[in-house]
Amino acid sequence: MNSLLAPLFARRSVRKYLDKPIPAKVVQDALEAAMAAPSANAKDPWEILVVQQPETLARIAAGLPYGKMLARAPLGFVICGDLQRVNGQHLSYLLQDCSACIENLLLALSMLGLGAVWLGVHPREDRMAHLRELFHLPEHIVPVGVVAAGYPDETHPPRTRFTAARAHRERW
Ligand SMILES: Cc1cc2nc3c(=O)[nH]c(=O)nc-3n(C[C@H](O)[C@H](O)[C@H](O)COP(=O)(O)O)c2cc1C
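Source: prediction; values computed, not measured.

Parameters at a glance
Residues numbered from 1 in each chain as written. Predicted model: local features only at pLDDT ≥ 70, side-chain atom pairs only at ≥ 80, totals over all residues. Heavy atoms only, no water. Helix = DSSP H or I, 4+ residues; strand = E, 2+ residues; numbered from the N terminus. Expected span 1.5 Å × (residues − 1). Buried < 20%, exposed > 50% of the residue type's maximum accessible area, 1.4 Å probe, protein only. Contact = heavy atoms within 4.5 Å. 1 Å grid on protein atoms, 1.4 Å probe; cavity = no way out; pocket = protein on both sides within 12 Å on 5 of 7 lines; lining within 4 Å. Points joined across faces, edges and corners; volume = space filled by probe spheres on them. Nonpolar A, V, L, I, M, F, W, Y, C, P; charged D, E, K, R; others polar. Salt bridge = Lys/Arg side-chain N within 4 Å of Asp/Glu carboxyl O.

(A) Main features of helix α4 (residues 91-111). Here α4 spans 30 Å end to end across 21 residues, near enough to the 30 Å set by a 1.5 Å rise per residue. Buried within α4 are the following residues: L94, D97, C98, C101, I102, L105, L106, L107, A108 and L109. Taken together, the buried residues of α4 touch α1 (6-10), α2 (24-34), β1 (46-51), β2 (75-82), β3 (115-120) and β4 (141-150). Of the residues flanking the end of α4, it is G113, one or two places downstream, whose phi is positive at about 95°.

The structure is reproduced here in structure tokens:
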């Protein structure tokens, strides 16, 4: 692992958080990083709900079968995409752009000293419906994923999951 890439390898899914407040500047920095992601034709279709109210975090978590840690997190992000703004109104571009946005957000949170985990939403209809209902999302807003975050109360070593056989050089 090249040490120049250390911040990237250090990003790990963190599911336990300290009861420690998150400065507003950290949230702002993370949002700026998220919205620096690549986006097809720079349409930037992302819409990000920032949630810090414990009751709202618990309500989101109630609809995520593998996202219960969000109820014990001090910070959550719901990343959605706007079908009316995305390149060519293609759902696929929306998902790709929002996924790049989520990865940027995870990397930024990790680099800022927080721990975070991506909680899958799209394409699970029940999870999408839960978020649509909870936040009264308009029809053209597609919930893509949720990120739970906080100062970490567990550590995982940096790693890559590089597998030589998965890299195809010049030909399949
Ligand atoms: C689309 C997507 C959905 C995921 N959903 C969940 C989830 O619902 N709950 C969870 O605990 N982790 C979830 N993860 C995190 C993965 O489990 C994690 O990234 C993977 O195990 C690799 O570990 P690492 O992030 O520490 O490298 C999700 C990741 C992705 C990309």
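(B) Layout of the layout of surface pockets. By volume, the largest pocket is sized at about 250 Å³. Around the largest pocket, the lining residues are L8, F9, R11, R12, S13, R15, E103, L107, R159, T160 and R161. When contributions to the lining of the largest pocket are tallied by element, the ones reaching two or more residues are α1 and α4. Of the residues assigned to the lining of the largest pocket, the class counts are three nonpolar, two polar and six charged. Approximately 180 Å³ is the volume attributed to the second largest pocket. Looking at the lining of the second largest pocket, the elements with two or more residues in it are α4 and β3. Of the residues belonging to the lining of the second largest pocket, the class tally is seven nonpolar, five polar and three charged.

(C) Up close: the pattern of salt bridges. This structure, assessed with the given rule, holds three salt bridges. With its nearest N and O atoms 2.8 Å apart, the salt bridge here joins D29 to K25. Of this pair, D29 and K25 both sit in helix α2, four residues apart, which is roughly one turn of that helix. Under the relative-accessibility criterion, D29 is labelled partly exposed at 23%. Measuring nitrogen to oxygen at the nearest pair gives 3.5 Å for the salt bridge that ties R85 to D82. We classify R85 as partly exposed; its relative accessible area is 30%. Exposure remark for D82: the relative accessible area of 9% places this residue in the buried category.

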